[in-house]
Each structure stands twice: as structure tokens, then as C-alpha cells.
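# Inside the fold
Residues per chain are reported as follows:
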Amino acid sequence: MIEDTLMSCYENISDKERENILNVDFSVSSKKTKLTLSNDTLENILVSENTNDDGGIIAMTGFYYQMLVSILYLDEVFKCEWDGMFLDHHQDIVLFNESKKIVKFVQVKTKKYNFSNYEYEISRSWIPKLFKTAYDIEALKDYDVQFEIVSNCYFSDEKNTRSHYSLIPFYSNQKNIPENQVEVKSIENFKKSVFEAVKRNSNENELADGEFEEGLEDSLNIEASDYFKKFKMKHIPYEELEEQIVSRIPRTLGFDRSQLSLETVNDIIGVFLNLVTILKMQKFN
């Protein structure tokens, strides 16, 4: 302890040094020490100055948004639409209904703004990772597996003379656009991730078998096309998300004229975090 260290040092110095310490007039020395800035001035400087790295606050904001989305889905659990859900396990959120044999994998993404141009990571990484999660769980082959990306940001289409990336079919349940590069590129990257995993876990004879590789590619094309039929994008701005949460859960529980307080919402998030921590500890122990 720091106080033990200080006491030990004090006891081991000479009587003269100890007397000098005890005779110091701190009231005199304090008059010589003047603060050049008040606390308010210093606070204003720190707040007004642009930061070089906002990664930490962005990550915390994103995680808080994810917790709010989880509470929104908790309302669906209360309505018995789902038997339960997992947080930060396989994906950000996983919902399941055993009697209906349905599993939904949800990714939650946040941006600084509520509107953005097309984000190429959607087809490069986000969708392929969702699909690969389901593909890797062999026991889910007989289940109705659904996929969803929820974000505070609405991602617009990307159009040019050579290609067309459109998320409109996935936001609105409209029929998909022919040669939609969202689907084309997502399937390409999904297949690439599966083939990379196969190469890591297979022997040289299997990899040299052209029929095996061709058959795998055909089955992956079919699998990914089926996955896309059950894939949705959902846009929920922060303000709208908070409004839905504070009113929906009380209404589901029979309190039509009540609303959740911010304190209650944060208490629920605290419970979620505790459960996630327990699951992680059990996993790594």
C-alpha cells in the first residue's frame, strides 16, 4: 500500500531530516503557487479543441446502440415471438424459436451520420460473415435461418456505368434487382471465406480434386442464394430507437400509459453486460 511505503521512508530518515519536514510552512509555499488557468477555462480548452482520435468514444457509442437494439428485441421475446436470445455470441445478437425452428443472426452497425453512401464493407465483409456464421453450424441445416443488419445509418445505392449496388430490396422487401452487385459480391466473398476455411482443414488430395471443388462451389451458390431470400436491412436512428424502447416494453407488459425511464433502460443494459461477462468467463475457463 502507498501509505505503508511513505511511513517506511519517514521512519528510515535521520532526525534532522524529519524535523525539517515537520517544520515546513505550507501556508507560505502555497502563496507562491498560483494557478495560471481556472478549472472552467481549462475545461473549455479541452472541449473546444478537435481530437485526433475518436475511436474510443465511437466504439462506446456503437456498443451502447447495440445494447439498445438488444432491448428492442427483448420486447419481441416478451411477446413470445422468440424463446430467447444470445448477445455477442456467434453474432452481435442471436434470436431463436425452437418450436418454429427459426434462428435469426443480427449484426448491429453504427455510423456518425444517419445517412451514408453505399458502404462497400457491406458486401465485402458484413453479409459474408453473417452467412458464414450460419453455414459453419451444421446443426442448423434443418432450421429456418434469417439474417439482419441493423444500423442507425441508412446506406444509399451506388450506381455507375458498370455496376449497381442496391440495398433497396433488403430495406423494403421488394423484388431483387438483376445483377445487383450487393448480392454478386457478397456471394463471391462468402464463397472465398468458405474455401479458405476448407484449405486450412483439408488434405492435399481433397484440394486437388476438381470435382470436389466444383461441387462445393455449386452448393455454396445455392446456399447463399437461399440466405439472401431471408436477409434484411433495418434502419433505426438513435432517437427513433429510444422512442420505441421506452414505449414498447411497458405496452407489451400491459402498462399502456407508462414509459421506461432512462435509468431503467440503463439497468437493463447493466444486466445484459453482466450476463455477457458470465458467458465469456464460462467460455474461457
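Right, let's walk through the structure included here. (Residues numbered from 1 in each chain as written. Predicted model: local features only at pLDDT ≥ 70, side-chain atom pairs only at ≥ 80, totals over all residues. Heavy atoms only, no water.)

## With respect to the environment of histidine 235
Assignment of secondary structure puts histidine 235 in strand β9 (residues 231-235). By relative accessible area, histidine 235 is classed as partly exposed at 26%. Between the alpha carbons of histidine 235 and isoleucine 149 there is a distance of 8.5 Å; along the sequence they are 86 residues apart. In this view, histidine 235 contacts Asn114, Ser151, Asn152, Cys153, Tyr154 and Tyr171; residues no more than four positions away in its chain are not counted. From its side chain, histidine 235 meets the backbone oxygen of asparagine 114 in a polar contact 3.5 Å long. (Helix = DSSP H or I, 4+ residues; strand = E, 2+ residues; numbered from the N terminus. Buried < 20%, exposed > 50% of the residue type's maximum accessible area, 1.4 Å probe, protein only. Contact = heavy atoms within 4.5 Å. Polar contact = N/O pair within 3.5 Å; in protein donor to acceptor, adjacent residues only side chain to side chain.)

## Overview of the pattern of salt bridges
Tallied over the full model, the rule gives 11 salt bridges. Residue glutamate 148 pairs with lysine 104 through a salt bridge whose shortest N-O separation is 3.7 Å. Of this pair, glutamate 148 sits in strand β5 (residues 144-151) while lysine 104 sits in strand β3 (residues 102-109), and the two are 44 residues apart along the sequence. Between lysine 229 and aspartate 226 there is a salt bridge; the shortest N-O distance is 3.6 Å. Under the relative-accessibility criterion, lysine 229 is labelled exposed at 68%. Aspartate 226 sits in the partly exposed class, given a relative accessible area of 34%. Each of the salt bridges in this network shares a partner with another, and the network as a whole consists of Lys104, Glu148 and Lys234. (Salt bridge = Lys/Arg side-chain N within 4 Å of Asp/Glu carboxyl O.)

## Some details on the pairing of strand β1 (residues 84-89)
Pairing geometry for β1 and strand β2 (residues 91-97), over five bridges, is antiparallel. The partner of methionine 85 across the bridge, within β2, is leucine 95. Between β1 and the antiparallel strand that follows it, β2, lie one residue; histidine 90 among them carries a positive phi value of about 75°. (Pairing = 2+ DSSP bridges.)

## A word on the sheet that holds β9
If you walk across this open sheet you meet the five strands as β1-β2-β3-β5-β9, and the pairing is mixed. Two strands close off the open sheet at either side, each with one partner strand: β1 and β9. Here the strands of the sheet are splayed against their neighbours by 20° on average, with no regard to which way each runs. Pairing between β3 and β5: eight bridges, direction parallel. Each bridged residue has a counterpart across the sheet, and for phenylalanine 105 the counterpart in β5 is phenylalanine 147. (Axes fitted to C-alpha atoms, helices over the stretch in contact; angles between N-to-C directions.)

## Quick look at a negative patch on the surface
Together, Glu239, Glu240, Glu242 and Glu243 make up a negatively charged patch on the protein surface. Here glutamate 239 lies in helix α11 (residues 238-252). (Patch = residues over 30% accessible without salt bridge, like charges linked within 9 Å, V, L, I, M, F, W, Y side chains within 5 Å. Areas by Shrake-Rupley, 256 points an atom, 1.4 Å probe, with all protein chains shown as cover. Lys, Arg positive; Asp, Glu negative; His and termini not counted. Charge placed at Lys NZ, Arg CZ, Asp CG, Glu CD.)

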